[in-house]
Amino acid sequence: MKIFLVLISVLLGAEAFAQKGEVIVAKDPLIDSLIAKRIELNKVKPTVTNPSSGVIVSSMGYRVQIYYGSDRREVFSQQAQFKSSYPKLNTYITYKEPNYYLRVGDYRTKLEAQQFLNQLRPDYPTLFIFREKINAPILEQ
């Protein structure tokens, strides 16, 4: 019984000391404009060469990695071999220590990249799809 009375008195006492009111936040109006600018800068937008025509130069898409290794001559050899088989496709070599990466194609969707990967599977043993900034492919009309 004593525990019950103590519990009731604690709850009633807490209610008696509770403050009720209104919170007013005083802040500089520039903070909202800075937050809006930060949100705008963090949005991923394609790069446009000519705003009047709206031609997209780069956006996020997919590439197929056909080779990686630490030998510089080998990656250029693989690039030349690939270019002889597929002259219309762009190839990209990047270096992230200690390896060179050879990636090909500019695909807007992962499905397009997967179809091309299936086409390359017999010739190249290790193939991977990566999402990265691509050069928009030229669309045929």
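The coordinates are above.
Residues numbered from 1 in each chain as written. Predicted model: local features only at pLDDT ≥ 70, side-chain atom pairs only at ≥ 80, totals over all residues. Heavy atoms only, no water.

1. So, the overall build of the protein chain
Quick reminder of the rule: Going along the chain from the N terminus, every DSSP run of H or I of four or more residues is numbered as a helix, and every run of E of two or more is numbered as a strand. Burial classes: relative accessible area under 20% of the type maximum marks a residue as buried, over 50% as exposed, and values in between as partly exposed (1.4 Å probe, protein chains only). The contact definition used throughout considers only heavy atoms, calling two residues in contact when any of these lie within 4.5 Å. Working definition of accessibility: Shrake-Rupley area with a 1.4 Å probe, residue cover restricted to the visible protein chains.
Summing up its helical and strand segments, the protein chain has 4 helices and 5 strands in all. Taken from N to C terminus, the helices and strands of the protein chain fall in the order α-α-β-β-α-β-β-α-β. Of all 141 residues assigned to the protein chain, the portion counted as buried reaches 24%. Partitioning the contacts of the protein chain with sequence separation of at least 6, the portion at a separation of at least 24 is 65%. As displayed, the protein chain has an accessible area near 11300 Å², and 59% of this comes from carbon and sulfur atoms.

2. Things to note about the pattern of salt bridges
Going by this rule: Salt bridges are counted wherever a side-chain nitrogen of Lys or Arg sits within 4 Å of a carboxyl oxygen of Asp or Glu.
All chains considered together, the criterion is met by 4 salt bridges. Measuring nitrogen to oxygen at the nearest pair gives 2.8 Å for the salt bridge that ties Arg63 to Glu132. Within this pair, whereas Arg63 is found in strand S2 (residues 56-69), its partner Glu132 is found in strand S5 (residues 128-135), the two being separated by 69 residues in sequence. Note on accessibility: Arg63 and Glu132 belong to one class, buried. Of the charged contacts in the structure, one is a salt bridge between Arg103 and Glu132, with a shortest N-O distance of 2.6 Å. Placement of the pair is Arg103 in strand S4 (residues 99-107) and Glu132 in strand S5, with a sequence separation of 29 residues.

3. Considerations on the environment of Leu102
Within the secondary structure layout, Leu102 lies in strand S4. Take Leu102: its relative accessible area is 0%, and that puts it in the buried class. Residues Leu102 and Gln65, spaced 37 residues apart in sequence, show a C-alpha to C-alpha distance of 5.7 Å. Beyond its immediate chain neighbours, meaning those up to four positions away, Leu102 contacts Val64, Gln65, Ile66, Tyr67, Val75, Gln78, Gln79, Thr91, Tyr92 and Ile93.

4. So, helix H4 (residues 110-120)
Keep this limit in mind: This arc describes the spread of directions from the helix axis toward the C-beta atoms.
Buried within H4 are the following residues: Ala113, Phe116, Leu117 and Leu120. Along the axis of H4, the buried positions cluster into a sector of 105°, meaning they face one direction only. Facing away from the buried side of H4, by more than 90 degrees, are the exposed residues Leu111 and Gln115.

5. Some remarks on the side chain of Gln65
This is how the line gets drawn: What qualifies as a polar contact is a pair of N or O atoms within 3.5 Å, subject to a donor-acceptor requirement within protein and to the restriction that residues adjacent in sequence count only when both atoms come from side chains.
Here Gln65 lies in strand S2. At 3.0 Å, the side chain of Gln65 and the side chain of Arg103 are in polar contact. Dropping the residues within four chain positions of it, Gln65 is found in contact with Tyr101, Leu102, Arg103, Thr126, Leu127, Phe128 and Phe130.

6. Digging into the nonpolar core
Quick note on the threshold: Only buried residues count toward a nonpolar core. Its members are Ala, Val, Leu, Ile, Met, Phe, Trp, Tyr and Cys residues joined through side-chain atoms within 4.5 Å.
Residues Val64, Ile66, Phe82, Phe116, Leu120 and Leu127 are the most contacted members of the largest nonpolar core, which totals 17 residues. Breaking this core down by element, the ones donating at least two residues are S2, helix H3 (72-85), S4 and H4.

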